[in-house]
Amino acid sequence: MSLCNKGTAAVLAVLFTAGLHAQTTALSPSDSIKIDLPADSPLNLISTTMGLTLRNAGARHIRGVTLLITAQEFAPGGKGSVARPSIDVPPGENFTLPIDIRLVRPVRETAGPLVRVQLDGVLFDDLSFYGPNKLNSQRALTFWEVEAQRDRAYFKQALQARGQTGLQQEILASIAKQADRPQLDVSLSRNGPAVGSAVPSTDHMAQFAFLNLPGAPVQPLEGWAAISGNEARSPQIEVINNSGKPVRYVEIGWLVKDKQGREYLAGSVPASESAMVLPAGQRARLQQDTALKFSRAGRPVEIDGMTAYVSQVEFADGHVWVPSRRDLDSSPLLRITAPSPEEQRLADIYAKKGLPALVAELNRY
Amino acid sequence: MNHPRDNDLALLAGGEAGPIRRFLLDRHVRTCADCRQTIAEYREFRAGLADQELPDLNWNFLAADMRANIRLGLEAGACVRTTHVFGGWNRRLGIAFAGLALLVGSGFFLRDLRFHRPAAEVSAPVLQMTASGVEIRKGENSLTLLNHHGNAATNQTVSAEGDMEVRNIDGETGSVTINNVSLQ
């Protein structure tokens, strides 16, 4: 009895679990997925046979796309999305986005499509945006693109200043950093403790320590979260806008330390939806009512300390700030932060195709 | 001297005895070296278990399989229960059952509540990373965005606002796909 079904196409595998009998059924995308692209969309749907093949029907280069996935009967209280950042699709060209979904529920007859796929946003090379933006895709795609520009510029500068040897040293350092980066398994829930909390003793409030990045327009002042063993709940952090411009979004990177002194990137604490318009010089509190449970290799990781830093800022005029490469090198702690999708992609090109392919990619745009 | 049962000592060793039972057991153990020794052995055994590496298993699969077996057992039990076992009213047996029900009911209310969550939380949607992808689960229903071609995903990121995302790199094109699930 197979509980998992993987397809090479845009497979919608539906797994019925009815207690005694479980079976896996792969459904045809044409019957089970409804794909909605607005009439004025800059993307045309070309095919659903090998993932979703889309064509750039607009006049500008596309830098990123996000699709919203909903399956209300299977995931009440939640939704999904599939995003493709760090791309450069010229007008008239096709690209493919893989969407592999598994749905599980008790046996029940259903008519009509099970999954709805909608376009949530497209980001262009001039950072303009198209789409309903229900998932705040504009912000996410813009942050990824600004990080991509930062990292491409960094590796291009290494190539220009120190030649291919210098570029090779930098990309090897990036690969080593990604390989050494310790990762945690995290489960997340709202309204109460995360499932499987290992030590459900009485909460205690733990304070955040802060890493202040020299160029950050927003500075964290104080913050804390409720800790129970391997679970952290309801983080809240007070920040001040030190820039001269109003800010509409801040995200704080959240690092945790275990009892053995190992540090991990736990996640992020963003400003809540619509709660944030922070004028210059003013303070605001970022507060989230969720519970995060940390484990590694199936074993709970008890939290012994927490550190936070400002990882993203969006100004009211739509411009965004991300830490510079120098900021990220300013503390050994920040070695454990995730690389940008673009840095990861460039490292993958080097690892699979070698230095000439990486140089050609950097020279492309 | 009457000694407590071994399973009570095991519960005490693990910190899982209810408050009243814990009080009674503590009072006995303070004056009984044999029981103290037994508790120490249980604690040593638990510590040894905690140091064991967990095997790399698909725990979701095992959980589903166990649920299925339990349901199978319940259904089989339901068939058996259609047979009338009791021919008539037995007063002593009734009193015994009433006592048992009282005991079970008391145990339920006196148990250590720290180890149990309200039932509502069990059905709250949970985001988690599994071997096959990133998943939103609510009760028996779930939606999983699968890792591309079954590859291991990299760089899981969690937002305390209620988002979880993982990255997949396409083996052929090298493009990065970011799968995300979020609580509404």
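The shown structure was predicted, so the numbers you read here are calculated from the model rather than taken from an experiment.

Thoughts on the overall build of chain B
Phase 1: Counting secondary structure elements, chain B contains six helices and six strands.
Phase 2: Burial statistics for chain B: of 184 residues in total, 27% are counted as buried.

Observations concerning the overall build of chain A
Phase 1: For chain A, the helix and strand inventory stands at five helices and 22 strands.
Phase 2: Counting across all 365 residues of chain A, residues that qualify as buried make up 41%.
Phase 3: Within chain A, contacts between residues separated by at least 24 positions form 66% of all contacts whose residues are at least 6 apart in sequence.

So, the packing of helix 2 (residues 137-180) of chain A against helix 5 (residues 355-364) of chain A
Residues and elements named next belong to chain A.
Phase 1: For the pair helix 2 and helix 5, interaxial distance at closest approach is 11 Å and the crossing angle is 160 degrees. Viewed along their axes, helix 2 and helix 5 adopt a mutual orientation that is roughly antiparallel. The element helix 2 and its partner helix 5 pack so that their crossing is left-handed. Contact with helix 2, carried on its side by Arg 152, Phe 155, Lys 156, Leu 159, Gln 164, Leu 167, Gln 168 and Ile 171, involves Leu 355, Leu 358, Val 359 and Leu 362 of helix 5 and no other residues of that element.
Phase 2: When the residues that make up the contact of helix 2 with helix 5 are grouped by side-chain class, the tally is eight nonpolar, two polar and two charged.

Observations concerning the domain arrangement of chain A
Where interface size is quoted, it is often the accessible area lost as the parts come together.
Residues and elements named next belong to chain A.
Phase 1: When its domains are assigned, chain A resolves into domain 1 (12-133), domain 2 (144-175 + 343-364) and domain 3 (185-337).
Phase 2: Taken together, the contacts link six residues of domain 1 with four residues of domain 2.
Phase 3: Classifying every residue of the side of domain 1 that touches domain 2 gives three nonpolar, two polar and one charged.

So, the pairing of strand 5 (residues 163-169) of chain B
Residue and element names in this part refer to chain B.
Phase 1: Judged by how many residues are buried, strand 5 sits mostly within the fold: seven of seven residues are covered.
Phase 2: On strand 5, burial covers both faces: Asp 163, Glu 165, Arg 167 and Ile 169 on one face and Met 164, Val 166 and Asn 168 on the other are all buried.
Phase 3: Sheet analysis places strand 4 (residues 154-159) next to strand 5, joined by four bridges and oriented antiparallel. Note that in strand 5 the partner of Thr 157 across the bridge is Glu 165.
Phase 4: Where strand 4 folds back on strand 5, the antiparallel hairpin that results is connected by three residues, among which Gly 162 adopts a positive phi of roughly 115 degrees.
Phase 5: Two elements, strand 5 and strand 6 (residues 176-183), share seven bridges in a ladder whose sense is antiparallel. Bridging across to strand 6, Arg 167 finds its partner in Ile 178.

Regarding the nonpolar core
If you look at soluble globular proteins, the nonpolar side chains tend to sit buried side by side.
Residues and elements named next belong to chain A.
Phase 1: Counting residues in each nonpolar core, the largest one holds 92 residues, and the members touching the most others are Val 250, Ile 252, Ala 266 and Leu 292.
Phase 2: Counting residues per element, this core draws most heavily on strand 16 (residues 247-258), which supplies seven residues.
Phase 3: The contact partners of Val 250, leaving out residues within four places of it in the chain, are Val 218, Val 239, Ala 271, Met 276, Leu 286, Val 310 and Val 313.

A word on unusual backbone geometry
Residue and element names in this part refer to chain A.
Phase 1: With a phi angle near 55 degrees, Ser 86 is a residue other than glycine that sits in the positive phi range.
Phase 2: Among the structural elements, Ser 86 can be located in the loop between strand 7 (78-84) and strand 8 (94-97).
Phase 3: You can call Ser 86 buried: it has 24 C-beta atoms within 10 Å.
Phase 4: Notably, Asn 136 is not glycine yet its phi reads approximately 55 degrees, a positive angle.
Phase 5: Here Asn 136 is to be found in the loop between strand 11 (129-130) and helix 2.
Phase 6: For Asn 136, a count of 17 C-beta atoms within 10 Å gives the class partly exposed.

Quick word on the sheet that holds strand 5 (residues 52-56) of chain A
All names here are of chain A.
Phase 1: The sheet built from three strands is open, its strands ordered 4-5-8 with antiparallel pairing. What marks the edges here is a single partner per strand, and that holds for strand 4 (43-47) and strand 8. Strand-to-strand twist in this sheet, taken as the mean axis angle between neighbours without regard to direction, amounts to 35 degrees.
Phase 2: Taken together, the four bridges between strand 4 and strand 5 define a ladder with antiparallel strand orientation. Within strand 5, the residue paired with Leu 45 across the bridge is Leu 54.

Some details on the packing of helix 2 of chain A against helix 4 (residues 341-353) of chain A
Residue and element names in this part refer to chain A.
Phase 1: With their axes 6 Å apart at the nearest point, helix 2 and helix 4 run at an angle of 35 degrees to one another. Mapping the contact onto sequence places Trp 144, Glu 147, Ala 148, Asp 151, Arg 152, Phe 155, Ile 171, Ser 174, Ile 175 and Gln 178 in helix 2 and Pro 341, Glu 342, Glu 343, Gln 344, Leu 346, Ala 347, Tyr 350 and Ala 351 in helix 4.
Phase 2: Looking at the contact of helix 2 with helix 4 residue by residue, the class counts come to ten nonpolar, three polar and five charged.

Section: the confidence of the model for chain B
All names here are of chain B.
Phase 1: In the predicted model, chain B carries a mean pLDDT of 74, and 66% of its residues have values of at least 70.
Phase 2: When pLDDT is averaged over each helix and strand of chain B, the minimum, 45, is found for helix 6 (residues 119-122) and the maximum, 92, for strand 6.
Phase 3: Segment residues 112-121: pLDDT under 50, and 13 contacts once partners within four positions in sequence are set aside and those in other chains are kept.
Phase 4: For this predicted complex, the interface confidence comes out at an ipTM of 0.88, alongside a pTM of 0.73.

Some points on the environment of B:Arg43
Residues and elements named next belong to chain B.
Phase 1: Mapped onto the secondary structure, Arg 43 falls in helix 3 (residues 33-51).
Phase 2: Overall, the presence of 15 C-beta atoms within 10 Å leaves Arg 43 in the partly exposed class.
Phase 3: On a C-alpha basis, the gap between Arg 43 and Gly 15 in space is 9.9 Å, while along the polypeptide they are 28 residues apart.

Focus: the pairing of strand 6 (residues 62-70) of chain A
Every other side chain in a regular strand lies on the same face of the sheet, so the side chains alternate between the two faces.
Residues and elements named next belong to chain A.
Phase 1: Burial analysis of strand 6 places eight of its nine residues in the buried class, which makes it a mostly covered element.
Phase 2: When strand 6 meets strand 7, the two strands line up antiparallel, connected through five bridges. In the strand pairing of strand 7, Val 65 is matched with Arg 84.

Topic: the confidence of the model for chain A
Residue and element names in this part refer to chain A.
Phase 1: For chain A, per-residue confidence averages 86 on the pLDDT scale, and 85% of positions sit at 70 or higher.
Phase 2: When pLDDT is averaged over each helix and strand of chain A, the minimum, 43, is found for strand 1 (residues 12-17) and the maximum, 98, for strand 11.
Phase 3: Note on residues 1-22: pLDDT is under 50 here. Beyond four places in sequence and across chains, it has 61 contacts.

Looking at the environment of B:Val134
Residue and element names in this part refer to chain B.
Phase 1: Structurally, Val 134 is set in strand 2 (residues 133-138).
Phase 2: Classification of Val 134 as buried rests on a count of 24 C-beta atoms within 10 Å.
Phase 3: Expressed as a C-alpha distance, the spacing of Val 134 and Val 181, which sit 47 residues apart in the sequence, is 6.9 Å.
Phase 4: Not counting the four nearest positions on each side in its chain, Val 134 is found in contact with Met 129, Leu 145, Met 164, Glu 165, Val 166, Asn 179 and Val 181.

How each quantity is defined
- Residues numbered from 1 in each chain as written.
- Chains lettered and ligands numbered in written order.
- Predicted model: local features only at pLDDT ≥ 70, side-chain atom pairs only at ≥ 80, totals over all residues.
- Helix = DSSP H or I, 4+ residues; strand = E, 2+ residues; numbered from the N terminus.
- Buried ≥ 20, exposed ≤ 12 C-beta atoms within 10 Å, placed from the backbone.
- Contact = placed C-beta atoms within 7 Å.
- Axes fitted to C-alpha atoms, helices over the stretch in contact; angles between N-to-C directions.
- Parallel < 35°, antiparallel > 145°, perpendicular 65-115°, else oblique.
- Left-handed = near helix turned anticlockwise from the far one by under 90°.
- Nonpolar A, V, L, I, M, F, W, Y, C, P; charged D, E, K, R; others polar.
- Domains from an automatic or database assignment.
- Pairing = 2+ DSSP bridges.
- Core = buried A, V, L, I, M, F, W, Y, C linked by C-beta atoms within 7 Å.
- pLDDT = per-residue confidence, 0-100.

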